[in-house]
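Next come the chains, spelled out residue by residue.
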Amino acid sequence: MTNFEYRNPTKILFGKGQIASIAKEIAPGTKVMVTYGGGSIKSNGVYEQTMAALSGCTVVEFGGIEPNPEYETLMKAVRLGRAEKVELLLAVGGGSVLDGTKFIAAAIPFEGEEWDIVRKGAPLERSMPIGSILTLPATGSESNAFAVISRRETSEKLAFASDHSYPQFAVLDPETTFSLPPRQVANGVVDAFVHTMEQYMTFPAKAELNDRFAEGILQTLLEVGPRTLANPEEYDARATFVWSATLALNGLIGCGVPQDWATHMIGHELTALYGIDHARTLAAVAPHLWRVCQEGKAAKLLQYAERVWGIKDGSAAERMEAGIRKTEEFFEAMGLPTKLSKYENVQAGTAQEVAARLEGRGFKKLGERGEVTPALVEQILARSLAA
Ligand code: NZQ
Ligand code: ZN
């Protein structure tokens, strides 16, 4: 196990009716900017519950944060927040609203070109305080330090991270997610699954507890994913899914282990180019990446096949392939294609283009060993593009 530092400052308020608890977390009289997306919170009761809980505060609203939040949109909120001198930002929505709000909170007090926070990873000296009410389990953004921001004019989609960007609190009321369309539920399950794999499917680090944490999350998602998709209002299945998605990317399972993240880096480029949902890009990249990087990942692929899927028979090569095949079948059964060739608008030169874009950003050595070079990215995507 490698050395690590771990601190997660986000207070989790989990369960039915917990939106009301934010009244305890925000001092009366605080000027709160409530940020949200395209309006789902107005049709599922979340908006009303939020406003009731904020009755002792002054509220400034900013709606319209789109999926894959846009820099242009977020800068409008930054100007509003500065003009109104807001004191706290409350993000109500999915990963896009949360990530967008982390950017707004960082940019309001930032002196300089705000895009540098994203493009150059400019260090933040401070950020406005953030609270969150999560309505889509997937990204882990509700209790992590990351945000992913898009800029359409340059077709960029880039991540930044700061210790100042953790929400102070996160409400996870599984009932607020009952209104999700099946596609978003399936996306969320696969995103959480791949987050876990990015921190597990590397090489053994003698971090046995972390391996078991990861395998536990994977097995749980395999079990409750299809169940919560089929029975959206079965509370316990949904609650287990929500908690799994948070734990998959709140820093805990990544302590002391090597991490990959190449699938995410490639996936972000695919979303920037074609607007494909984040989780769908992961489903269309990860299995091909595991195959191409099979040699370096062999020990973990075998462990995964046996412990997560119960595959014990056959040669090493057969067991590794069987584990990857099972995973593909799971993604497909959830409704996520595992081939880029299934997306009509994806063009033939995509493998080369994504490789060149990553190279241009200086991302020439991705993965847990830095072995995912632009040439390997091309190979991975070529497999996904093959019919
Ligand atoms: O905008 P509204 O009207 O709210 O509708 C949203 C949106 O259309 C809808 N939705 C959310 N909650 C709902 C609901 N509809 C009905 N009922 C509800 N309860 O769902 C749609 C998608 O929302 P979005 O927030 O975009 O989805 P998700 O949570 O999957 O977030 C994706 C974004 O997060 C980034 C992705 O790259 C992408 O930009 N990620 C952030 C990470 C992080 N901060 O750590 C890590 C991830 O790997 C990921 O990259
Ligand atoms: Zn993700």
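Residues numbered from 1 in each chain as written. Chains lettered and ligands numbered in written order. Predicted model: local features only at pLDDT ≥ 70, side-chain atom pairs only at ≥ 80, totals over all residues. Heavy atoms only, no water.

1. Brief notes about the domain arrangement of the protein
Domain parsing of the protein yields domain 1 (11-176) and domain 2 (182-385). Here the C-alpha centroids of domain 1 and domain 2 sit 27 Å apart. Each partner contributes residues to the interface: domain 1 has 22 residues there, and domain 2 has 21 residues. Around 1900 Å² of area is buried between domain 1 and domain 2 when both sides are counted, 63% of it from carbon and sulfur atoms. Along the contact surface separating domain 1 from domain 2 lie one salt bridge. Of the charged contacts in the structure, one is a salt bridge between E156 and R361, with a shortest N-O distance of 3.8 Å. (Domains from an automatic or database assignment. Contact = heavy atoms within 4.5 Å. Buried area = accessible area lost by both parts, 1.4 Å probe. Salt bridge = Lys/Arg side-chain N within 4 Å of Asp/Glu carboxyl O.)

2. Describing the coordination of the zinc ion (ligand 2)
Looking at the metal site, the zinc ion (ligand 2) is ligated by D191 (OD), H195 (NE2), H264 (NE2) and H278 (NE2), spaced 2.0 to 2.2 Å from it. Written as a sequence motif, the donor residues of the zinc ion (ligand 2) are D-x3-H-x68-H-x13-H. With a gap of 73 residues between them, D191 in helix α7 (residues 182-198) and H264 in helix α10 (residues 262-274) connect regions that are remote in the sequence. As far as burial versus exposure is concerned, D191 and H264 are alike and both buried. (Donors = N, O, S within 2.8 Å, 3.2 Å for Na, K, Ca; no water. Helix = DSSP H or I, 4+ residues; strand = E, 2+ residues; numbered from the N terminus. Buried < 20%, exposed > 50% of the residue type's maximum accessible area, 1.4 Å probe, protein only.)

3. Notes on the side chain of T281
Its place among the elements puts T281 in helix α11 (residues 278-292). Setting aside its immediate chain neighbours within four residues, T281 contacts G267, L270, T271 and I276.

4. Topic: the site of ligand 1
Every one of the 31 residues lining ligand 1 counts as a neighbour, but G38, S40, G95, S96 and K157 are closest to it. Residue H268 places a side-chain N or O atom 3.1 Å away from an oxygen atom belonging to ligand 1. Relative to its unbound accessible area of 960 Å², ligand 1 is 89% covered by the protein chains. At the level of elements, α5 (95-107), β6 (146-151), α7 and α10 are the ones that each hand at least two residues to the shell around ligand 1. Viewed by domain, the shell around ligand 1 spans two of them, domain 1 (11-176) and domain 2 (182-385), each represented by three or more residues. (Near = heavy atom within 4 Å. Polar contact = N/O pair within 3.5 Å; in protein donor to acceptor, adjacent residues only side chain to side chain. Areas by Shrake-Rupley, 256 points an atom, 1.4 Å probe, with all protein chains shown as cover.)

5. Looking at helix α4 (residues 71-84)
Given a rise of 1.5 Å per residue, 14 residues ought to cover 20 Å, and the 20 Å separating the end C-alpha atoms of α4 matches this to within 8%. Residues of α4 that are buried: Y71, T73, L74, M75, A77, V78 and G81. Where α4 is buried, its residues contact β2 (31-35), β3 (58-62), α5 and β6. Just downstream of α4, K85 is the residue with a positive phi angle, here 50 degrees. (Expected span 1.5 Å × (residues − 1).)

6. What about the nonpolar core?
In terms of nonpolar packing, the biggest core is built from 60 residues, with F193, I266 and L381 touching the most fellow members. Here the element with the most residues in this core is α11; it accounts for nine residues. Every residue in contact with L381, bar those within four places of it in the chain, is listed here: I266, L270, V285, L340, T350, A351 and V354. With 35 residues, the next largest nonpolar core counts Y71, V97, I108 and V118 among its residues. (Core = buried A, V, L, I, M, F, W, Y, C linked by side-chain atoms within 4.5 Å.)

7. Description of unusual backbone geometry
Even without being a glycine, N68 presents a positive backbone phi close to 55 degrees. Topologically, N68 is positioned in the loop between β3 and α4. A residue is classified by how much of its surface remains accessible, and N68, at 22% relative accessible area, is partly exposed. We note that S155 has phi near 35 degrees; this positive angle belongs to a residue other than glycine. With respect to the secondary-structure elements, S155 resides in the loop between β6 and β7 (156-161).

8. Section: the sheet that holds strand β1 (residues 11-14)
Pairing within the open sheet is parallel, and its six strands lie in the order β1-β8-β5-β4-β2-β3. The sheet is open, and its two edges are formed by β1 and β3, each paired on a single side. Pairwise comparison of adjacent strand axes, ignoring direction, gives a mean angle of 20 degrees for this sheet. With four bridges joining them, β2 and strand β4 (residues 88-93) adopt parallel strand pairing. Note on β4: the bridge partner recorded for T35 is A91. Across the face of the sheet, α4 comes into contact with β2 and β3 while running at roughly 160 degrees to β3. (Pairing = 2+ DSSP bridges. Axes fitted to C-alpha atoms, helices over the stretch in contact; angles between N-to-C directions.)

9. With respect to helix α9 (residues 235-248)
Spacing of three or four residues puts side chains on the same side of an α-helix, whose turn is 3.6 residues. Counted at 1.5 Å a residue, the expected span for α9 with its 14 residues is 20 Å, and the 20 Å between its end C-alpha atoms agrees. Counting buried positions over the 14 residues of α9 gives 10, a clear majority of the element. Along α9, the residues classified as buried are Y235, A237, R238, A239, F241, V242, S244, A245, T246 and A248.

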